[in-house]
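# Overview (structure and organization)
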Amino acid sequence: MTKSVQTITVLAAALLLGASAASALEIKSGSDKVQLQLSGEVNRAVMYADDGLEDKFFHVDNTHSETKVGLSGEVAATECLTAGSNLEFKWQDNPSIAVSMEEESISGEFEAELIELYFAHSTAGTLTIGKGSAASDESSEIDLSGTDMIGNAGVADLGGGFAFYDAAAGAYSDFTAESVFHGGISTEGLGKINRALYETPDFGGFTFGASAGESEMVDFSLSYSGEFGGNQLEAKAAWSNPGEGWTQINGAASLLLDSGLNFTVAASAKDVDEMPADGDDPTMFYGKIGYQCDKLSSFGTTAISLDYGIFNNAAALDIGQEATAMGVQLVQELADYSAALFAGYRLFSLEDNTGANYEDISVVMAGAQFSF
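Below is a summary of the structure that appears in this document. (Residues numbered from 1 in each chain as written. Predicted model: local features only at pLDDT ≥ 70, side-chain atom pairs only at ≥ 80, totals over all residues. Heavy atoms only, no water.)

Empty space among the atoms can be located by rolling a probe the size of a water molecule over them. Volume-wise, the largest pocket comes out at about 1,100 Å³. Along its surface, the largest pocket is lined by 35 residues, and T63, E66, K90, D157 and E188 are the ones closest to its centre. Contributing elements (two or more residues each) for the lining of the largest pocket: β4 (81-91), β5 (110-121) and α2 (177-183). Ranked by residues supplied to the lining of the largest pocket, first place goes to α2 with three residues. The residue makeup of the lining of the largest pocket, split by class, is four nonpolar, 13 polar and 18 charged. (1 Å grid on protein atoms, 1.4 Å probe; cavity = no way out; pocket = protein on both sides within 12 Å on 5 of 7 lines; lining within 4 Å. Points joined across faces, edges and corners; volume = space filled by probe spheres on them. Helix = DSSP H or I, 4+ residues; strand = E, 2+ residues; numbered from the N terminus. Nonpolar A, V, L, I, M, F, W, Y, C, P; charged D, E, K, R; others polar.)

Following this line, the structure appears as structure tokens:
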């Protein structure tokens, strides 16, 4: 472990310990003008997986909403201009997307999610530089179901490391759940990169964003967030080009009705420049229906949902690959404890035209999230 990583580890441990005794910890800035805020979460779970040949239990960190710690600072420079910065590091010991039948234990490492500073003007918009969300980040993961901490369009965050067993060949295939669902198409657009990002002010609920990153990365997005008659609607569409011989379109919309019933849809399509013979571009379609209720439990809101996704040609362009994911999710808020309990089931299936007979992969995970 390098000295810098050791320093970050000690700092994060101190922040986490301080957060657990918040009444004894007061976060202060070196400048009286700057407001500081500590935030983060710990998200742990027990996971069971059955790939048709083997089955095992795992102790994991939930990749849908990983363990992280962050520190943000902000200063109101003028009535119209605000300046600030965000630091956020995640640490996943045994990530639920990576553990497998061959690798049950994966040591956690700090990874920088956000190292950015921004200047926000009430009428001119916001300019952000550093590592953080590109304009297209999470553009297929908009989700108001209340269950996205255990299941969303990034389906392989739960069980992505497990390989499909080919019963016809009597051996594991080269395809993992992550490769056939996330490998060739991203539900997060360009995700989090080193970039310069500009976002317009809110115009009637609409916001436009554009970012440019290293290695000729560029993307654009249009987002909407609004409420009408007690109903909430969020949507986002994005186009991205990583400078690697392909472009991608992402989009999602999520509607939460006043009754608690909610609907989410998402899609992605990738345009590959150099397509092999008989190849097809990767595509993704995803849908979820859910219900939220604050009367079922005195602890807080209860949310349940069902989802289904179809991912085509994500890991191979020319073998007619179709991967499907079906899931059930449950989240129980513990409002007085700043925590939540969750449980989810995911079934992965894979077909192609190679004559392989892939066994389904079943994954169950249950755990808890504590936020501060």
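Resuming the write-up.
With that settled, the discussion passes to the packing of aromatic side chains. The full count for this structure, using the stated rule, is twelve aromatic pairs. Seen from their ring centres, F89 and F110 are 6.3 Å apart, and the 80° between their planes marks the pair as edge-to-face. With a gap of 21 residues between them, F89 in strand β4 and F110 in strand β5 connect regions that are remote in the sequence. Residue F89 shares its accessibility class with F110, and that shared class is buried. Between F220 and W239, the aromatic rings sit 6.0 Å apart at their centres with planes inclined by 25°, giving stacked as the arrangement. Placement of the pair is F220 in strand β11 (residues 218-228) and W239 in strand β12 (residues 231-241), with a sequence separation of 19 residues. By relative accessible area, which is 36% here, F220 ends up partly exposed. Here the aromatic residues F89, W91 and F110 are joined through ring pairs into a cluster of three or more. Lying over the aromatic face of W246, K270 brings its terminal NZ or CZ to 4.2 Å of the ring centre. (Phe/Tyr/Trp six-rings, centres within 6.5 Å; stacked < 30°, edge-to-face > 60°. Buried < 20%, exposed > 50% of the residue type's maximum accessible area, 1.4 Å probe, protein only. Lys NZ or Arg CZ within 6 Å of the ring centre and 35° of its normal.)

That's the geometry; what it means functionally is another story.
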